[in-house]
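Chain by chain, the residues run as shown.
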Amino acid sequence: MDKPPNTKHCGYLYALGQKVWKRWKRRYFVLVQVSQYTFAMCSYREKKSEPQELMQLEGYTVDYTDPQPGLTGGRAFFNAVKEGDTVVFASDDDQDRNIWVQAMCRATGQSYKPVAPTLAQKHNFKDSERTQKLGMDEFIAADPCKCMHTALFQVLQKQTLQHRMNDSFSCLGWFSPGQVFVLDEYCARYGVRGCHRHLCYLKELTEYAENSAVIDPTLLHYSFAFCASHVHGNRPDGIGTVTTEEKEQFEDIKSRLLSLLENQIVHFRYCFPFGRPEGALKATLSLLERVLMKDISTPVLPDDMKKVIRKCLEKAALINYSRLTEYAKIEDTMNQAAPAKKLEDVMRLGELCIEVLQQNEEHHSEAFAWWPEIMAEHAEIFWSLYAVDMDASLEAQPQDSWDSFPLFQLLNNYLRNDTLLCNGKFHKHLQDYFIPLVIRYIDLMESSIAQSIHRGFEQETWQPVNNGSTTSEDLFWKLDALQMFVCDLHWPEPEFAQHLEQRLKLMASDMVEASVKRTRIAFDAKMQKANKSTDYRISPSVCTMFNVLMDAKKQCTKLCVLDAGQEFGKQWQQYHSKTDDLIEEAFKEMISLLVSKFVAVLEGVLAKLSRYDEGTLFSSILSFTVKAAAKYVDVPNPGMDLADTYITFVRQNQDILRDKQWYTSSMKAICVWLTDRLDLQLHMYQLKTLIRIVKKSYRDFRLQSVLEGTLNNKTYETVYNRLTVEEATVSVTNGSDLQGISMRDSDEEEG
């Protein structure tokens, strides 16, 4: 046949395995590379292109071995071993064996490199084989009745267990089925007592466990229960005998086993890491309860079992914390390090402590489920040891240092979520230490914020920043940050947590009131400096002041209102309502002041029109001057200039302030001015100017969504009727001197 593709080596070999090649015979083998990392040993028959049997080499370890007795054929032996499987190969000479071993080693990728046996080792094997054969013949020829089978069985069982424990995989002390068969056959054939057998077995297992070998506690439980049934004389089958020597040996093993189990429970994190082997800790506790029983039928009292567990876990807390500090290397730095370094180390140690307790909860809590209060005591002892290092680190911190708050948050976030540790001894100790720090921090922050308000508003330029000014934005950010800081503490005691929240809300209300009052004062000063001419425009600084009030009202609902779930009295409601009322009142007063400023501008315009009152000397002079000059040049109409200037003033300020109070006050001022001149006929310029002002104001405020009811109030109707009458009078007396300006069709006029 042709060689398969990717052939690495081929030739004849003898082979014997447990799963493949189960008969020792000579076959033709080919080592084939199946993929990049997968190789297979394939056996072929003559004139066949498909392999008869194959074995993937993944996970196998190849090594040289000595000749196997009973296998004829082949001179140089080697094997491939995997957990639960062994395949023996043999070639006709050493050179061919070396080639096969090297090729298979490359295929398995094993780290162990086999070494070929020397000539001296081959001679030693032949000599030992001859010696073993002679010794076995002597043993076979011996008279069984003259042998001490009790002692011989103890040696046999010890050697068998030693061989079993030296296997490449963990057996946890259990014999293989073949070994159990041999031992059972020996006991049955030579009359070895079952109690003696299990006592020896229990003794050997205990010694291995004391030397840190992993032994299945279920196996110990089974052997101990078997021996106890003999010693206490209450076998289920009613047949149970025990010798004095066995009874003494049982008591000795029982005391050793009790010490072993207590030691394993004390070191439960290290004897059963991450809960492995699965269920071993639970089985160990069950075995401990069995060992504490006085006889096989009388159960141990729950208090006695609890007492032993409590004692073990108290020691476990000390051992766990000691090893943790050694791992974190805390002891070296706590005495000489700087305060910041000490705090950093304690933070890291706290994180490790939390991780340890979380691992205990995840992997070991199920085994201790019958004693949750003892596990809580274990955790409290563990934290009390940590508290010593924590207190030493915190005492070394400088006064008014707030770097320790992250430590409180770290520990409190873990403790408050644990039902057994929440408000426990360590948790109370932690709160008692940090309560003065929290109060001191809030006091200093309150003083700092108050000073920043005072200095900030004194130097405020009222330039717009986000939703307000520089000072207001800084104030609300600080108040929000302080409240978030206290909220993130998640203080576990409800009364103190409610006290902190109420205090911060009251402080925020006071600070908001202070900022509103300072803004109101700055607005008054700004209005006093403003002129009363039609050149006046609302400045950005005035807009910023209004924005500060609006932002204060918005922030007040967030910073000054308690949670809906909390109970609070009428006094707090009244206090909060007072803050809201203050903001609303300040806002209305500022609007009124601004409207008064606009009305003052209108009154200035009306004052200029008063110069044209009928019967005044100034009116006659102006009328004569205008008529005389009109004969020679085009004289601009003073009434229209004045009206247009005022209308421009209104429109530009309406982009910022859109308030019906402005319209109402303006109409009222015009109405009062006209009422004062009820007995006088309006001058032509007065009439034209007022008609234009009234018509444009009406139209502009309607475009600003002022309601019809407000626009057509009684004041407007009075003004409208008076101007209509004056217009009709002028039309009758002077003809068309109004130049198309009329109170009619005001909605159709453009501009």
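The structure contained in this document is the topic of the report that follows. (Residues numbered from 1 in each chain as written. Predicted model: local features only at pLDDT ≥ 70, side-chain atom pairs only at ≥ 80, totals over all residues. Heavy atoms only, no water.)

Attention now goes to the pattern of salt bridges. Following the criterion strictly, the structure yields 22 salt bridges and no others. The closest approach of N and O atoms between R189 and E185, which form a salt bridge, is 3.1 Å. Placement of the pair is R189 and E185 together in helix α4 (residues 177-190), with a separation of four residues, close to one helical turn. Note on R189: relative accessible area 55%, which makes it exposed. K553 is the salt-bridge partner of E584, the closest N and O atoms lying 2.2 Å from each other. A residue pair is termed long-range when its members are at least 10 positions apart, and E584 in helix α19 (residues 570-610) and K553 in helix α18 (residues 540-559) qualify at 31 residues. In this structure, a network of salt bridges that share partners links the residues D443, E446 and R503. (Salt bridge = Lys/Arg side-chain N within 4 Å of Asp/Glu carboxyl O. Helix = DSSP H or I, 4+ residues; strand = E, 2+ residues; numbered from the N terminus. Buried < 20%, exposed > 50% of the residue type's maximum accessible area, 1.4 Å probe, protein only.)

Our focus in this paragraph is the environment of I647. Residue placement: I647 occurs in helix α21 (residues 638-654). Spatially, the C-alpha atom of I647 lies 9.5 Å from that of V694, the residues being 47 residues apart in sequence. Discounting residues that sit within four places of it in the chain, I647 has contacts with R692, I693, K696, S697 and D700. (Contact = heavy atoms within 4.5 Å.)

As a packed pair, helix α5 (residues 194-210) and helix α6 (residues 217-232) sit with axes 9 Å apart at the nearest point and diverge in direction by 140°. It follows that α5 is oblique to α6 by the angle criterion. For the pair α5 and α6, the sense of crossing is left-handed. Contacts between α5 and α6 pair G194, C195, H198, L199, Y201, L202 and L205 from the former with L219, L220, Y222, S223, F224, F226, C227 and H230 from the latter. (Axes fitted to C-alpha atoms, helices over the stretch in contact; angles between N-to-C directions. Parallel < 35°, antiparallel > 145°, perpendicular 65-115°, else oblique. Left-handed = near helix turned anticlockwise from the far one by under 90°.)

The next subject is a positive patch on the surface. A contiguous patch of positive charge on the surface is contributed by R23, K25, R45 and K48. Note that K48 resides in the loop between β3 (39-44) and β4 (53-56). Given the relative accessible area of 48%, K48 is considered partly exposed. (Patch = residues over 30% accessible without salt bridge, like charges linked within 9 Å, V, L, I, M, F, W, Y side chains within 5 Å. Areas by Shrake-Rupley, 256 points an atom, 1.4 Å probe, with all protein chains shown as cover. Lys, Arg positive; Asp, Glu negative; His and termini not counted. Charge placed at Lys NZ, Arg CZ, Asp CG, Glu CD.)

Looking now at α6. Compared with an ideal rise of 1.5 Å per residue, which puts 16 residues at 22 Å, α6 spans 21 Å between its outermost C-alpha atoms and is within 8% of the ideal. α6 sits mainly inside the fold: 13 of its 16 residues count as buried. Capping of α6 at its N-terminal end is provided by D216; its side-chain oxygen lies 3.1 Å from the backbone amide nitrogen of T218. Where α6 ends, the next residue or the one after it, G233, has phi of about 70°, a positive value. (Expected span 1.5 Å × (residues − 1). Polar contact = N/O pair within 3.5 Å; in protein donor to acceptor, adjacent residues only side chain to side chain.)

What follows is about the pairing of strand β1 (residues 7-16). In terms of strand pairing, β1 meets strand β2 (residues 25-33) through eight bridges, oriented antiparallel. Its bridge partner lying in β2, G11 is registered against F29. Note: β1 against strand β7 (residues 85-91), three bridges, orientation antiparallel. Bridge pairing in β7 links L16 to V88. (Pairing = 2+ DSSP bridges.)

By the definition in use, this model includes one cavity of 30 Å³ or more. Estimated volume of the largest cavity: approximately 30 Å³. Forming the walls of the largest cavity are F224, A228, H232, K254, R290, M293, D295 and I296. In terms of residue class, the lining of the largest cavity is made up of four nonpolar, one polar and three charged. (1 Å grid on protein atoms, 1.4 Å probe; cavity = no way out; pocket = protein on both sides within 12 Å on 5 of 7 lines; lining within 4 Å. Points joined across faces, edges and corners; volume = space filled by probe spheres on them. Nonpolar A, V, L, I, M, F, W, Y, C, P; charged D, E, K, R; others polar.)

Moving on, we get to the packing of helix α13 (residues 372-395) against helix α15 (residues 425-458). Two elements in contact, α13 and α15, have axes separated by 9 Å at closest approach and are oriented at 15°. It follows that α13 is roughly parallel to α15 by the angle criterion. When you trace α13 past α15, the crossing you get is left-handed. Contacts from E380, W383, Y386, A387, M390, D391, L394 and E395 of α13 reach α15 at K425, F426, H429, L430, Y433 and F434. Tallied by class, residues from the contact of α13 with α15 come to nine nonpolar, one polar and four charged.

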